[in-house]
Amino acid sequence: MKTQQIHIGENAIVSLGNIIADRGYKNIFLVTNNDSYFSSGNNKLLETVLIKGNCNFYRHYGFEVNPKIEDVQKGIDEFQSATFDAIIAIGGGSAMDMAKLIKTLYLAKGTLVDCVKNNQLPDESPIPLIAIPTTSGSGSEATQFAVVYIEKQKFSLVHDSALPDIAIIDPIFTYNLPATVTAYTGMDALCQAVESYWSVASTDESKKHSAKAISLILDHLANAVNHPDLPSRQAMAEAAYFAGCAINITKTTAPHALSYPITTYYNVPHGHAVALTLGIFLVHNYALTDADLNDIRGVSYVKKSLDQLCNIFQTDNPQSASESIQQLMHNIGLETSFCKLGIDDISLIVNKVNPARLQNNPRQVSINDITLILQSL
């Protein structure tokens, strides 16, 4: 895997000017969210640096929150209409995904649908990508993954090119983030970190990243939502990055698998959708046996990992940790009831679950398991 240049902390954006000067960038393809790019004031923060560096920039926007393959084709057409030195993605997960998809697929042979569905991806892309997150949740600045939807079905592109060459993580870009967005993106980071910790692909390195992210989130997310200040914004920016580092090693597991149809069919924001089942799966996973084990390291290894997770949550059992997750969601204003969210057709979710993510879960998850879990909500 390629190495990544990281600039993290207050005033990290200053480094962008040095990068532009050192590398001689003059023409930037700028991928942004639509209205929030301006309403947040992030346009002024970024464009001041670009203008000072004598950079021209073309702004690409207008794609959906969950980018469709048609959005990607439009972005590639615009990218290929001129010559650019670099791509800068500034925004949340959708802006990051779009920039990654354009970078990775603009040299593709054949149709984009075939490339994505058959994982027939081009070689390493020569165009550099700089990622500047404006939410503290997706961790996309630290991963080689990008999500795209084809006819309402979610596909994950995995490619070395998708890992941003440079990540600039400055909490100043999250200062004007609304409380609701802070809440569900923060829960996305928590879910990534927890799922990575129990994943069958976990390593000592990924667990170190996960534990750091979880501790930061538990200590600072409620403040970031209800009483935002510099320490809480800084902590959440770091937490999202470390959670991203963790899932870049392990990928995600069952709660993420269930979240995609919840988001697609019921418009529940991604991080909120994942968090709905996180605590229940912690309890479910702890009850594993040799008969339903996915992790080759064994039942005792998995239970030890889950005990460690409980300790990070400062609880002594999975049920208590699950209740802590529920309480955190209530504290930051996220609904936990399917009924109150208007989710009335569990079969629609069950039938659309991505089975690949279930294989990463330490305990096997059957259709009956999923049905019972969703019915409990």
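Everything numeric in this text was worked out from a predicted model, so none of it was measured. The residue numbers shown here count from 1 along each chain, following its written sequence. Reporting of local features is limited, given that this is a predicted model, to residues whose pLDDT is at least 70; pairs of side-chain atoms are given and counted only at 80 or more, and all residues count toward the totals for whole chains, interfaces and linings. To obtain the side-chain values, all non-hydrogen atoms of the structure were used and water was disregarded.

**Re the environment of D307**
(1) Moving on: You can see D307 is positioned in helix 12 (residues 299-312).
(2) Moving on: Only protein chains enter the accessibility calculation, which uses a 1.4 Å probe; a residue whose area is less than 20% of its type maximum is buried, one above 50% is exposed, and one in between is partly exposed. Of the residues examined, D307 reaches a relative accessible area of 32% and is grouped as partly exposed.
(3) Moving on: For the pair D307 and M187, spaced 120 residues apart in the sequence, the C-alpha separation amounts to 21 Å. Each helix corresponds to a stretch of at least 4 residues labelled H or I by DSSP, and each strand to a stretch of at least 2 residues labelled E; elements are numbered beginning at the N terminus.

**A closer look at the nonpolar core**
(1) Moving on: As used here, the term nonpolar core means buried Ala, Val, Leu, Ile, Met, Phe, Trp, Tyr and Cys residues forming a set that is joined through side-chain atoms within 4.5 Å. Counting 66 residues, the largest nonpolar core has M187 and L190 as its most contacted members.
(2) Moving on: Contacts are assigned to residue pairs that have any heavy atoms within 4.5 Å of one another. Ignoring any residue separated from it by four or fewer positions in sequence, one finds M187 in contact with L221, G271, A275, I325, L328, M329, I332 and L334.
(3) Moving on: Membership of the second largest hydrophobic core comes to 32 residues, among which are I87, A99, A108 and V116.

**Overview of helix 9 (residues 230-250)**
(1) Moving on: The end-to-end C-alpha distance of helix 9 is 30 Å, a good match for the 30 Å that 21 residues give at a rise of 1.5 Å each.
(2) Moving on: Helix 9 sits mainly inside the fold: 17 of its 21 residues count as buried.
(3) Moving on: Positioned one or two residues after helix 9, K251 has a phi angle of 65 degrees, which is positive. An expected span of 1.5 Å times one less than the residue number is assigned to each helix.

**Some details on the pattern of salt bridges**
Any two side chains of opposite charge can pair if their charged atoms end up close together.
(1) Moving on: In the sections that follow, a salt bridge refers to a side-chain nitrogen of Lys or Arg positioned within 4 Å of a carboxyl oxygen of Asp or Glu. According to the stated counting rule, one finds 4 salt bridges in the structure shown.
(2) Moving on: In this structure, E64 and K68 form a salt bridge, with 3.3 Å as the shortest nitrogen-oxygen distance.
(3) Moving on: Classification of E64 as partly exposed rests on a relative accessible area of 40%.
(4) Moving on: Among the ionic pairs, D292 bridges to R363, the shortest N-O distance being 2.8 Å. A residue pair is termed long-range when its members are at least 10 positions apart, and D292 in the loop between helix 11 (270-286) and helix 12 and R363 in the loop between helix 16 (355-359) and helix 17 (367-375) qualify at 71 residues.
(5) Moving on: In this structure D292 comes out as buried when scored by relative accessible area, which is 14%.

**Digging into the sheet that holds strand 8 (residues 166-169)**
Two strands in a sheet stick together by hydrogen bonds in their backbones, pointing the same way (parallel) or opposite ways (antiparallel).
(1) Moving on: Within the open sheet, the 6 strands sit side by side as 1-8-5-4-2-3. Their pairing is parallel. The open sheet has two free edges, formed respectively by strand 1 (5-8) and strand 3 (56-60), since each of these has just one partner strand. Neighbour-to-neighbour, the strand axes of this sheet turn through a mean angle of 20 degrees, independent of strand direction.
(2) Moving on: Note on method: axes are straight lines fitted to C-alpha atoms, helices fitted across the in-contact stretch only, with angles between N-to-C directions ranging 0 to 180 degrees. Running at roughly 155 degrees to strand 8, helix 1 (residues 14-23) makes contact with strand 1, strand 4 (86-91), strand 5 (129-133) and strand 8 of the sheet. At least two bridges found by DSSP between two strands are what make those strands a pair.

**Focus on the pairing of strand 2 (residues 27-32)**
(1) Moving on: Burial analysis of strand 2 places 5 of its 6 residues in the buried class, which makes it a mostly covered element.
(2) Moving on: Of the strand pairs in this sheet, strand 2 and strand 4 are connected by 5 bridges, and their pairing is parallel. The partner of F29 across the bridge, within strand 4, is I87.

**Here we look at the packing of aromatic side chains**
(1) Moving on: Aromatic pairing here means that ring centres of Phe, Tyr or Trp (its six-membered ring) are within 6.5 Å. Orientation follows from the plane angle: under 30 degrees is stacked, over 60 is edge-to-face, and everything else is tilted. All chains considered together, the criterion is met by 8 aromatic pairs.
(2) Moving on: With 5.8 Å between their ring centres and 20 degrees between their planes, F29 and Y58 make a pair best called stacked. Within this pair, whereas F29 is found in strand 2, its partner Y58 is found in strand 3, the two being separated by 29 residues in sequence.
(3) Moving on: A relative accessible area of 0% places F29 in the buried class.
(4) Moving on: The side chain of R59 reaches across the aromatic face of Y61, ending 3.8 Å from its centre. Cation placement over rings: the criterion is NZ of Lys or CZ of Arg within 6 Å of the ring centroid and within 35° of the ring normal.

**Observations regarding the side chain of H159**
(1) Moving on: Considering the arrangement of structural elements, one finds H159 in the loop between strand 7 (153-158) and strand 8.
(2) Moving on: Here the side chain of H159 touches P122 through a polar contact of 2.7 Å, landing on its backbone oxygen. Whenever two N or O atoms come within 3.5 Å, that pair is a polar contact, provided that in protein one can donate a hydrogen and the other can accept it, and provided that, for residues adjacent in sequence, both atoms are side-chain atoms.

**Some remarks on the pairing of strand 6 (residues 145-150)**
(1) Moving on: Most of strand 6 is tucked away: 6 of the 6 residues are buried.
(2) Moving on: Neither face of strand 6 is left uncovered, since the one carrying F145, V147 and Y149 and the one carrying A146, V148 and I150 both have all their residues buried.
(3) Moving on: Note that strand 6 and strand 7 share 6 bridges and pair antiparallel. Pairing of I150 across the sheet is with Q153, part of strand 7.
(4) Moving on: Linking two consecutive strands that pair antiparallel, namely strand 6 and strand 7, is a turn of 2 residues; a positive phi of about 50 degrees is found at E151 within it.

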